[in-house]
Every structure is written in C-alpha cells, then in structure tokens.
Amino acid sequence: MTEAHHEIHLESHIVDQLKQQGWLEGDHQHYDRARALYPEDVIGWIQDTQPDAWEKLRRVHGVDAESTVLDRLGKTLAAKTGGTLEVLHRGFSVAGAGTLAMSQARPEDSRNQTVNNCYAANRLRVVRQLRYSLDNENAIDLVFFINGLPVATVEIKTDFTQSVEAAKQQYRVDRKPKSATTGRMEPLLSFRRGAVVHFALSDSEIYMATKLAGESTFFLPFNRGNDGAAGNPLV
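Attention here is on the structure that accompanies the text. (Residues numbered from 1 in each chain as written. Predicted model: local features only at pLDDT ≥ 70, side-chain atom pairs only at ≥ 80, totals over all residues. Heavy atoms only, no water.)

1. Brief notes about the overall build of the protein
Here's step 1: Helix and strand counts for the protein stand at 7 helices and 9 strands.
Here's step 2: Relative to the 2.2 N^0.38 estimate, which gives 18 Å for 235 residues, the radius of gyration of the protein is 19 Å and therefore close to what a compact globule would have.
Here's step 3: Reported as C-alpha extents along the three principal axes, the dimensions of the protein are approximately 55 × 50 × 30 Å.
Here's step 4: Every one of the 235 residues in the protein was classed for burial, and the buried ones make up 46%.
Here's step 5: Of the contacts formed within the protein by residues at least 6 apart in sequence, a portion of 56% connects residues at least 24 apart.
Here's step 6: With the model as given, the accessible surface of the protein reaches about 12600 Å², and the carbon-plus-sulfur share is 51%.
Here's step 7: Mean positive and mean negative side-chain charge positions of the protein (27 and 30 charges, respectively) differ by 7 Å. (Helix = DSSP H or I, 4+ residues; strand = E, 2+ residues; numbered from the N terminus. Rg over C-alpha atoms; globule rule 2.2 N^0.38 Å. Buried < 20%, exposed > 50% of the residue type's maximum accessible area, 1.4 Å probe, protein only. Contact = heavy atoms within 4.5 Å. Areas by Shrake-Rupley, 256 points an atom, 1.4 Å probe, with all protein chains shown as cover. Lys, Arg positive; Asp, Glu negative; His and termini not counted. Charge placed at Lys NZ, Arg CZ, Asp CG, Glu CD.)

Printed below as a string of structure tokens:
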C-alpha cells in the first residue's frame with residue numbers, strides 16, 4: 001500500500017468533515033492558476049450579495065463584466081497596498097461599481113437581516129489536489145477558499161508512512177513562491193498575495209507557516225496539546 005494511498009484516506013476524511021459543516025467541494029479544473037482565484041465563487045458571491053453593483057458592471061462592461069472584475073481583483077491582490085487579508089477585510093474597487101465587499105464577518109446580533117443574509121452567503125470551499133502552477137503540474141493536497149480567495153493550503157502526511165516533518169520539507173523544497181524554471185512568481189504561494197497560511201499536517205501533529213521562503217521557511221506548532229505533552233489528542 002503506497003504512501004499516497006494512506007494520505008488519500010486522511011484527505012478524504014477532512015473533506016467529508018468540512019462538507020458536513022456546510023463547506024463546498026471544488027474541482028481543480030475550475031481554479032484559475034494565473035489569478036490564484038476560484039472564479040465561480042468570486043462572481044457568485046458578488047452577484048448574490050451586491051446585485052445592484054453587479055448590474056452596474058454588467059451595463060458598463062457587458063459580456064466582459066466577469067473578466068473585468070477578476071482582472072481588477074487580481075491586480076488589487078498583487079498591489080503593495082493589497083493582499084488577501086486586506087481584500088477580505090476591505091474589498092476592492094472597480095470602475096463603475098465602487099467598492100465591492102469580498103466577505104461578511106459574523107454579525108454581533110441578528111437584528112440586521114441584510115448582514116445576516118450576507119454572512120450566510122459566504123462561500124467556503126475546499127479543493128483537493130489543486131494544481132496551482134503555470135509551469136508544472138505540482139498539486140497541493142488541500143486548498144481552502146473564502147468567496148473564491150485562497151486562504152490556506154495543506155500538505156498531508158500520515159504517521160504510518162511519513163512524519164509531519166516530511167510535509168514541512170515538501171513546502172521548503174517543492175512549494176517555492178517563485179518558479180525555479182522561469183523565475184515567475186506563484187500567486188497562490190506568494191506572501192500577502194496568495195494563501196494566508198500553509199499547514200503541514202499529519203495524523204497527530206499540525207504546523208503552520210505564514211510565509212513560504214524555500215529552505216528558510218519557518219513553521220510554528222498549531223497543536224492543542226496532548227495531556228500536557230506535545231501534539232494532539234488521539235480522538
């Protein structure tokens with residue numbers, strides 16, 4: 001039985017648990033590698049929560065409304081004053097529609113129905129074996145999205161075959177933010193521009209890094225502890 005076979009079981013378990021909590025499962029073929037976005041959710045979120053703004057965009061840009069929004073969002077994410085967290089918190093501006101929100105935080109109370117509806121409309125999606133690069137077919141085990149914006153990546157190992165250290169090393173060696181062959185930046189893996197956090201995970205331990213930097217990538221423990229010791233409870 002191969003290492004990948006064991007990892008697939010853990011990967012499937014995680015996805016199943018998320019789906020039970022309302023997450024959507026995506027398809028890597030629907031992912032936009034160049035923009036590092038899940039376009040279906042970006043556009044769907046805006047249409048569902050900001051229909052007036054979307055109608056303005058449709059009137060101004062016609063059939064190009066979607067590509068206009070995605071291009072502008074990509075540029076905002078890559079800007080020095082942008083980044084994933086900034087866009088999630090403050091949105092981004094598009095000519096003809098003003099500022100478009102890209103998330104809704106949980107409301108403090110239930111009195112504002114509009115806010116409640118927007119919060120319920122947040123699209124949480126997980127994609128398995130996501131091929132993220134324009135230069136190769138490397139795949140990351142799991143990638144999490146909020147309204148089409150990538151927020152976390154996960155590399156999975158199982159204690160039966162490899163330790164969590166193998167997942168850390170995979171990030172350091174094989175998940176560099178700049179392509180080794182072309183020198184082109186990998187948007188998903190770029191600091192601030194792409195996913196906010198990167199998890200190395202095994203059956204018993206989890207570590208996280210907020211900035212991928214090749215061999216210099218630094219991981220912090222993301223464990224709950226196990227009866228006063230390191231790691232996590234068995235159940």
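2. Considerations on the pairing of strand β5 (residues 139-146)
Here's step 1: By the criterion of burial, β5 is predominantly enclosed, with 7 of the 8 residues buried.
Here's step 2: In terms of strand pairing, strand β4 (residues 124-131) meets β5 through 7 bridges, oriented antiparallel. When the sheet's bridge partners are listed, Arg-125 is paired in β5 with Phe-145.
Here's step 3: Across 5 bridges, the pairing between β5 and strand β6 (residues 149-156) is antiparallel. (Pairing = 2+ DSSP bridges.)

3. Remarks on the sheet that holds β5
Here's step 1: Reading across from one edge, β1-β4-β5-β6-β7-β8-β9 is the order of the 7 strands in this open sheet, with mixed pairing throughout. Each edge of the sheet is formed by a strand with only one pairing partner; in this case those strands are β1 (24-26) and β9 (220-221).
Here's step 2: Note that strand β7 (residues 197-201) and strand β8 (residues 206-209) share 4 bridges and pair antiparallel. Bridging across to β8, Leu-201 finds its partner in Ile-206.
Here's step 3: Against the sheet, helix α7 (residues 164-174) contacts β6, β7 and β8, and its axis sits at roughly 145° relative to β7. (Axes fitted to C-alpha atoms, helices over the stretch in contact; angles between N-to-C directions.)

4. Looking at the environment of Val-94
Here's step 1: Positionally, Val-94 belongs in strand β2 (residues 92-94).
Here's step 2: Each C-alpha atom of the pair Val-94 and Arg-72 lies 6.7 Å from the other, and the pair is 22 residues apart in sequence.
Here's step 3: With residues up to four places along the chain from it excluded, the contact list for Val-94 reads Leu-57, Thr-68, Arg-72 and Leu-100.

5. Looking at the side chain of Thr-153
Here's step 1: Within the fold, Thr-153 resides in strand β6.
Here's step 2: Within the structure, the side chain of Thr-153 is placed 2.8 Å from the side chain of His-198, a separation counted as a polar contact.
Here's step 3: Those residues in contact with Thr-153, other than ones at most four positions away along the chain, are Ile-140, Leu-142, Val-143, Tyr-171, Leu-188, Ala-195, Val-197, His-198 and Phe-199. (Polar contact = N/O pair within 3.5 Å; in protein donor to acceptor, adjacent residues only side chain to side chain.)

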